[in-house]
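For reference, the chains in residue letters:
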Amino acid sequence: MNDVLIRLENITKSYGAGMEPAVNNLDLEVQRGEVLVLVGPSGCGKSTTLRLINRLIEPTSGKIVIDGEDVTTVNPSQLRRKIGYVIQQVGLFPHRTIAENISTVPVLLGWDKKKIAARVDELLELVSMDPDTYRDRYPKELSGGQAQRVGVARALAADPDVLLMDEPFGAIDPITRDRLQNEFLRLQQDVKKTIVFVTHDIDEAIKMGNRIAILREGSQIAQLDTPEAILAHPADEFVESFLGSGAILKGLTLKKVSDTELHQVPILRQPVMREDALKALQDSPDQVGLLLDSNDKPLRWIDEKAINRTSQPIERSGRPVTVDLQPEDTLQDAITVMLQSSAGMACVTDRRGKYLGCTTIESLAKLIMSDN
Amino acid sequence: MDFLIGLFEFALSRPERVLEGVIQHTGYVASVLVTAAFLAVVTGILTRKSQLAKELSLSLASVFLTIPSLALFVIFIPFVGLGFAPSFIALLLYSLLPILRNTITGLEGIDAGVLESAKGMGLSSTQVLLKVQLPLAWPVILAGLRVSSMLVVGLAALATLVAGGGLGDFIKDGLARLPLPNSYESIWLGTLLSLVLAVIIDLILQALRLATISKGIR
């Protein structure tokens, strides 16, 4: 696993004497197959650092090694064809169709037409766009989210090992951004590229990164570690203030419901006998029980008051279960559902809706405490 | 109405001269526009990286436009003689500015993100120019060419002053013979044929626009 693909050695970029260098003596290693997020306040030199890797900016001094080869002296255009590059403005060529845009690098590399056409379709499918619908359209016909999907497809066209992404989802509305981030994470599980990802958004960094480098002015690394470790142990005040006050809440997006211990509440099934139900509830430390249908699907939260209300059958008293969680949901989702639920807990079901157990605030707190 | 009939009769009674005038006039427009487009686009490309060079070339092209047209047709006679050459040079100098101005504007107006991604994907600077910058600036360049074409169609009538022929011959003859019969007919014929030529050239440029500009940026 300790396989370094990109290494920046002693990199400095300065724009003339008397000015603070944009990047000052940076050493950075990127492991093969990881997503390394560079995050920091604006002007900290994170984009400059990214652009040094594909030499859109030439370093003043230092060395960049990719896959064992010193790339500071090779032909920059040749180098860039082997590195995918995605930017916030996307930068699709407006005079070319989607297919032509995606095939830019393969054409430069001289692939034959059939191979290119097949690759274009494959990539469009990969980014969840129907090839027949979009192949011959022009960029102006796409929404912002679709354009960036094509941007990612274009960057992946020649199957580069390395992908550089400069705030790729920065200009996209929050809902679409969230969806693109999720799609991108799923896609990365398939393609396993080595990705350097720049953002100023710490939440995005935590979500996307296998490791995060928090940068301060001059591209100095304030802390470089996994999101979990950074959230749990910020290295200094700068990192702490950059994480913001909600560090623990942010950490919740990193954990899944399946990480918690599920709690079992009393289970009631139809037909419910009033006395049995009452006994079950009184025997248990919980205030509520859960009514399941014949397929073990949760129906209603039943408490003592509901049982005692004799005016209607138990099956129709209590409060309905409106939302349930799946094991792969994040703890942030769990908190939301719990806060909405009348019972102060949330039931967890498998994908088919079958009841597995409940998450409670206590189990969440226990998990969070175990980290610190 | 009588005047129109007279105009027709006047034109039909001297078909060779009309044809010759139209051909000469069209010849000016075509040769001047092709040369000017080439020179202006090349200048725009060569100066694209230097603000100073851009400003200088634009100033020079503007200076040409400020020279009185009557003078510009005449001042080259000592060097190139009478006829086609002094007219061609004068029209060429006039037609540079709109094309040059638009070439520079077109190249400057390209989205920075498009250029960044082109470079970032590994296009060399020549490839960026040929595959991205020129195609994207082309609609703007073509608009400049259209302005120049109108300018040249009108000004080419002055070629007659330096024995350069063209539709201006009809206007000059008419002027010289005022108010004798057929003098107004002659002036009107030259003017109307210039107008018709202008419309036809505009249509050709429109067709060129449709044929050469990608659907993605129309």
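One can find the structure itself at the top, above this paragraph.
Criteria and cut-off values
- Residues numbered from 1 in each chain as written.
- Chains lettered and ligands numbered in written order.
- Predicted model: local features only at pLDDT ≥ 70, side-chain atom pairs only at ≥ 80, totals over all residues.
- Helix = DSSP H or I, 4+ residues; strand = E, 2+ residues; numbered from the N terminus.
- Rg over C-alpha atoms; globule rule 2.2 N^0.38 Å.
- Buried ≥ 20, exposed ≤ 12 C-beta atoms within 10 Å, placed from the backbone.
- Contact = placed C-beta atoms within 7 Å.
- Pairing = 2+ DSSP bridges.
- Nonpolar A, V, L, I, M, F, W, Y, C, P; charged D, E, K, R; others polar.
- Axes fitted to C-alpha atoms, helices over the stretch in contact; angles between N-to-C directions.
- Parallel < 35°, antiparallel > 145°, perpendicular 65-115°, else oblique.
- Left-handed = near helix turned anticlockwise from the far one by under 90°.
- Expected span 1.5 Å × (residues − 1).
- Bend = angle between axes of the 7 residues up to and from the residue.

Attention shifts here to the overall build of chain A. Along its length, chain A carries 16 helices and 16 strands. Taken over C-alpha atoms, the radius of gyration comes to 26 Å for chain A, far larger than the 21 Å a tight globule of 372 residues would show. Expressed as a percentage of the 372 residues in chain A, the buried residues total 41%.

Counting secondary structure elements, chain B contains 10 helices and 0 strands. The order of helices and strands in chain B, counted from the N terminus, is α-α-α-α-α-α-α-α-α-α. Over its C-alpha atoms, taken along the principal directions, chain B stretches across nearly 70 × 40 × 20 Å. When the 218 residues of chain B are sorted by exposure, 37% land in the buried category. Taking the contacts inside chain B whose residues are at least 6 apart along the sequence as the reference set, 75% of them involve residues at least 24 apart.

All names here are of chain A. The element strand β15 (residues 345-349) is largely enclosed, with a buried count of 4 among its 5 residues. For β15 and strand β16 (residues 355-360), the ladder comprises 5 bridges, and the chain directions are antiparallel. Bridging across to β16, C347 finds its partner in C358. Connecting β15 to the next strand, β16, in antiparallel fashion are 5 residues, including G353 with a positive phi near 95 degrees.

As a further point, take the sheet that holds strand β5 (residues 69-70) of chain A. Residue and element names in this part refer to chain A. Spatially, β2-β1-β4-β5 is the arrangement adopted by the 4 strands of the open sheet, whose pairing is antiparallel. On the outer flanks of this sheet lie β2 (23-31) and β5, each paired with one strand and no other. Bridge count between strand β1 (residues 4-13) and strand β4 (residues 61-66): 5 bridges; the pairing is antiparallel. Paired with I6 across the strands is I66, a residue of β4.

The interface is formed by 21 residues belonging to chain A together with 17 residues belonging to chain B. For the side of chain A that touches chain B, the secondary structure elements donating two or more residues are α2 (76-81), β6 (83-87) and α4 (104-108) of chain A. Considering every element that reaches the side of chain A that touches chain B, the biggest residue donor is α2 of chain A, with 4 residues. Each residue belonging to the side of chain A that touches chain B can be placed in one class, and the counts come to 10 nonpolar, 7 polar and 4 charged.

As a further point, take the pairing of β6 of chain A. All names here are of chain A. Burial analysis of β6 places 5 of its 5 residues in the buried class, which makes it a mostly covered element. Bridge count for β6 against strand β7 (residues 162-166) is 5 bridges, and the pairing is parallel. From the neighbouring strand, I83 faces β7, where its bridge partner is V162.

This part covers the packing of helix α2 (residues 15-46) of chain B against helix α10 (residues 183-212) of chain B. Residues and elements named next belong to chain B. Running from N to C, α2 and α10 point in directions that differ by 45 degrees, and their axes come no closer than 11 Å. By the criterion of interaxial angle, the relationship of α2 to α10 is oblique. Two packed elements cross with a definite hand, and for α2 against α10 that hand is right-handed. From α2, G21, V22, H25, T26 and V29 reach across to α10, where they touch L193, L197 and I201.

All names here are of chain A. Read from one edge to the other, the open sheet built from 6 strands follows the order β6-β7-β8-β3-β9-β10, with strand pairing classed as mixed. Two strands bound the open sheet, and with one partner strand each, they are β6 and β10 (220-225). The average angle at which neighbouring strand axes cross in this sheet is 15 degrees, direction not considered. Where helix α1 (residues 46-53) meets the sheet, it contacts β3 (35-39), β7, β8 (194-199) and β9 (211-216), and its direction lies at approximately 150 degrees from that of β8. Lying on the sheet, helix α7 (residues 144-156) is in contact with β6 and β7; it crosses β6 at an angle near 165 degrees.

When the terminal C-alpha atoms of helix α8 (residues 125-155) of chain B are compared, their 39 Å separation across 31 residues is substantially less than the 45 Å that a helix rising 1.5 Å per residue should span. Along its length, α8 of chain B shows its largest kink, about 45 degrees, at W138 of chain B, and proline P139 of chain B lies within four residues downstream of that point.

Residues and elements named next belong to chain B. Within the fold, L60 resides in helix α3 (residues 51-66). Given 14 C-beta atoms within 10 Å, L60 falls into the partly exposed group. Note: C-alpha distance between L60 and K49 (11 residues apart in sequence) is 18 Å.

In the segment running from L178 of chain B into P179 of chain B, the intervening peptide bond is cis, with an omega of -5 degrees. One can find P179 of chain B in the loop between α9 (168-177) and α10. Positive phi values are uncommon outside glycine, yet N25 of chain A reaches one of about 50 degrees. Mapped onto the secondary structure, N25 of chain A falls in strand β2. N25 of chain A sits in the partly exposed class, given 14 other C-beta atoms within 10 Å.

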